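# Examination of the molecular architecture
Here is how the chains run, residue by residue.
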Amino acid sequence: MKARRRTACKVSSTERPTPYADGRDLPADATTSRLSPSLRFGEISARQIWHAVKAGLSTGDVSERDGEKFLAELGWREFCHHLLSDHPDLATSNFNRDFDHFPWEVDENALQSWQAGQTGYPIVDAGLRELWSTGWIHNRVRMIVASFLTKHLLIDWRSGEQWFWDTLVDADPANNPAGWQWVASCGADAPPYFRIFNPALQGEKFDPDGAYTRHWVPELEHLDKRCLHHPWDAPGEALQKAGIVLGKTYPAPLIDHSKARKRAPHAYEAMKQAKS
Ligand SMILES: Cc1cc2nc3c(=O)[nH]c(=O)nc-3n(C[C@H](O)[C@H](O)[C@H](O)COP(=O)(O)OP(=O)(O)OC[C@H]3O[C@@H](n4cnc5c(N)ncnc54)[C@H](O)[C@@H]3O)c2cc1C
């Protein structure tokens, strides 16, 4: 029998997985620089980092893919700082003023559950607990928790921005509001509003083995990885085996994902109508 060609799996030397470019979205792997607190407080400048990376690229110590991706992220920081200099009210006003008409929900209980990492969505809770314990969250998880607050719970991005401002060790007057506004879709160059993260799928994609989630949400430590990111789907037997009683040892979901997914576009439509 003729051997099948394995072109689909072939990886050329230039496409080899690189720690930063390929690993920066995986919160269980410590592949990002964690330079944000030092940048925030001026212990190191973006210019110094830029030159160090360029030097690494020229000697070959830093791979092209990693170096370029990392510098692009540094570019986002510059972009946020330019935004702040043009919009000093970035933390308080919608960059896209249409959102002044957005019908945000006022729900103090939901906000507190979110802050405490008790939403019933494992990757969301893991991120918020990491923040509370360490003062830092991985970038991918910042996006997931921010999307959950603004698009699932429909809570004003400013409440989340304020919470991050109070708790992050790298709380930055430019990056923080720009990040929040971007995720809420009211920011500069933001994704369309209908892009709403599914937290269970985000968990499966970016924490496939569940190492990050199990670390921060130890109540779920023994749950099979097939249902770790959506424990409400787990068979009773699997929950029992893992010592979990939903609603008791770990919260039931604060809001049903498909309900939230349907509700958000209605709020967006209401905003557009209120504006016209
Ligand atoms: C909702 C939300 C809030 C955020 N709040 C802050 C904040 O208060 N302070 C803060 O420094 N960053 C913030 N970010 C951006 C980003 O999450 C952090 O800069 C990054 O996670 C810091 O980790 P690192 O230093 O290991 O990043 P690396 O991946 O190693 O990146 C190197 C540096 O590039 C800059 N950078 C990377 N990604 C971004 C980005 N998306 N936007 C702007 N700059 C970036 C940072 O200065 C970072 O230290 C926020 C992002 C979101 C989605």
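Every residue gets a number counted from 1 within its own chain, in the order that chain's sequence is written. Given that the model is predicted, a residue must reach a pLDDT of at least 70 before its local features are reported, and side-chain atom pairs must reach 80 or more before they are shown or counted; all residues, however, enter totals for whole chains, interfaces and linings. Water and hydrogen atoms were dropped before computing side-chain values, which therefore reflect all heavy atoms in the structure.

### Digging into helix α9 (residues 175–183)
For each residue, the accessible area found with a 1.4 Å probe, counting protein chains only, is set against the maximum for its type, and the residue is called buried under 20%, exposed over 50%, and partly exposed in between. Segments assigned H or I by DSSP are reported as helices when at least four residues long, segments assigned E as strands when at least two residues long, and all are numbered from the N terminus. Listed in full, the buried residues belonging to α9 are Asn176, Pro177, Ala178, Trp180, Gln181 and Val183. For α9, the secondary structure elements touched by its buried residues are α4 (64–86), α5 (108–115), α7 (139–152) and α8 (157–167). Among the residues trailing α9, Ser185 stands out with phi positive, at a value near 75°. Throughout, a contact is declared for two residues whenever any of their heavy atoms are within 4.5 Å.

### Side note on the environment of Trp104
Positionally, Trp104 belongs in the loop between α4 and α5. The exposure class of Trp104 is buried, given its relative accessible area of 16%. Spatially, the C-alpha atom of Trp104 lies 24 Å from that of Leu131, the residues being 27 residues apart in sequence. If we ignore the near neighbours within four places in the chain, the residues touching Trp104 are Phe99, Thr150, Leu154, Ile155, Asp156, Trp157 and Arg158.

### Comments concerning the site of the ligand
The immediate surroundings of the ligand are formed by 27 residues, with Tyr20, Thr32, Ser33, Arg34 and Asn139 found nearest. In the environment of the ligand, an oxygen atom lies 3.0 Å from a nitrogen or oxygen atom belonging to the backbone of Leu35. Any pair of nitrogen or oxygen atoms within 3.5 Å is treated as a polar contact; in protein, a donor-acceptor pairing is required on top of that, and neighbouring residues in sequence qualify only through side-chain atoms on both sides. Measuring from an oxygen atom of the ligand, one finds a backbone N or O atom of Ser36 at 3.1 Å. Contact with the protein chains covers 95% of the free accessible surface of the ligand, which is 820 Å². Listing elements by their share of the shell around the ligand, those giving two or more residues are α2 (36–40), α4, α7 and α9. Taken together, the residues of the shell around the ligand break down into 14 nonpolar, seven polar and six charged. In terms of domain composition, the shell around the ligand takes at least three residues from each of domain 1 (19–86) and domain 2 (93–276). Near residues are defined by distance, with any heavy atom within 4 Å of the molecule or strand qualifying the residue. To be clear on the numbers: accessible area is Shrake-Rupley with a 1.4 Å probe, and residue cover counts the displayed protein chains and nothing else. All residues other than Ala, Val, Leu, Ile, Met, Phe, Trp, Tyr, Cys, Pro, Asp, Glu, Lys and Arg, Gly among them, are scored as polar; the first ten of these are nonpolar and the last four charged. Domain start and stop positions are those given by an automatic or database domain assignment.

### Thoughts on unusual backbone geometry
Although it is not a glycine, Ser185 adopts a positive phi angle of roughly 75°. Structurally, Ser185 is set in the loop between α9 and α10 (199–206). Here Asp189, not a glycine, exhibits a phi torsion of approximately 55°, which is positive. Counting through the fold element by element, Asp189 comes out in the loop between α9 and α10.

### Brief notes about the domain arrangement of the chain
Looking at the chain, the domain boundaries give domain 1 (19–86) and domain 2 (93–276). Distance from the C-alpha centre of domain 1 to the C-alpha centre of domain 2: 25 Å. On the side of domain 2, 24 residues touch domain 1, which itself brings 18 residues to the contact. Here domain 1 meets domain 2 over a buried area of about 1800 Å², counting both sides, of which 64% is carbon and sulfur. Of all residues in domain 1, Asp25, Pro27 and Arg40 bury the most surface against domain 2, accounting for 32% of the area lost on that side. Salt bridges are identified by distance alone: a Lys or Arg side-chain nitrogen within 4 Å of an Asp or Glu carboxyl oxygen. Here domain 1 and domain 2 share one salt bridge between them. Values labelled buried area give the accessible surface lost by two parts on being combined, using a 1.4 Å probe and summing over both.

### Focus on the packing of α8 against α9
For helices, the fitted line uses only the C-alpha atoms of the stretch in contact; every axis is such a line through C-alpha atoms, and the angle between N-to-C directions lies from 0 to 180 degrees. Axis separation between α8 and α9 bottoms out at 9 Å; the angle between their running directions is 145°. Relative to α9, α8 is oriented so that their crossing is right-handed. Residue-level inspection shows Trp157, Gly160, Glu161, Phe164 and Trp165 of α8 in contact with α9, the latter providing Asn176, Pro177, Trp180 and Gln181. For the contact of α8 with α9, a count of residues per class yields five nonpolar, three polar and one charged. What makes a crossing left-handed is the near helix being turned counterclockwise from the far one by less than a right angle; a clockwise turn instead makes it right-handed.

### Comments concerning helix α6 (residues 122–134)
For an α-helix, the turn length of 3.6 residues means that residues three or four places apart are oriented alike. Multiplying one less than the number of residues by 1.5 Å gives the expected span of a helix. Taking 1.5 Å as the rise per residue, α6 with 13 residues should run 18 Å; its terminal C-alpha atoms sit 18 Å apart, in good agreement. Of all 13 residues in α6, 10 are buried, a share of seventy percent or more. Those residues of α6 not exposed but buried are Pro122, Ile123, Val124, Asp125, Ala126, Gly127, Leu128, Arg129, Glu130 and Leu131. Each element contacted by the buried residues of α6 is listed here: α5, α7, α8, α10 and α11 (211–216). Just beyond α6, the residue with positive phi is Gly135, at close to 85°.

### Structural notes on the nonpolar core
Residues enter a nonpolar core if they are buried and are Ala, Val, Leu, Ile, Met, Phe, Trp, Tyr or Cys, with the set joined through side-chain atoms within 4.5 Å. Counting residues in hydrophobic clusters, the biggest one holds 52 residues, and the most contacted among them are Phe102, Trp114, Val124, Val145, Leu153, Phe164 and Leu223. When residues of this core are traced back to their parent elements, those giving at least two are α5, α6, α7, α8, α9, α11 and α13 (257–275). Looking at this core, the element that brings in the most residues is α7, giving seven residues. When near neighbours in sequence (up to four residues on either side) are disregarded, Leu153 contacts Glu105, Ala110, Trp114, Phe148, Leu254, Ile255 and Arg263. Leu39, Val53, Leu57 and Leu74 belong to the second largest nonpolar core, which has nine residues in total.

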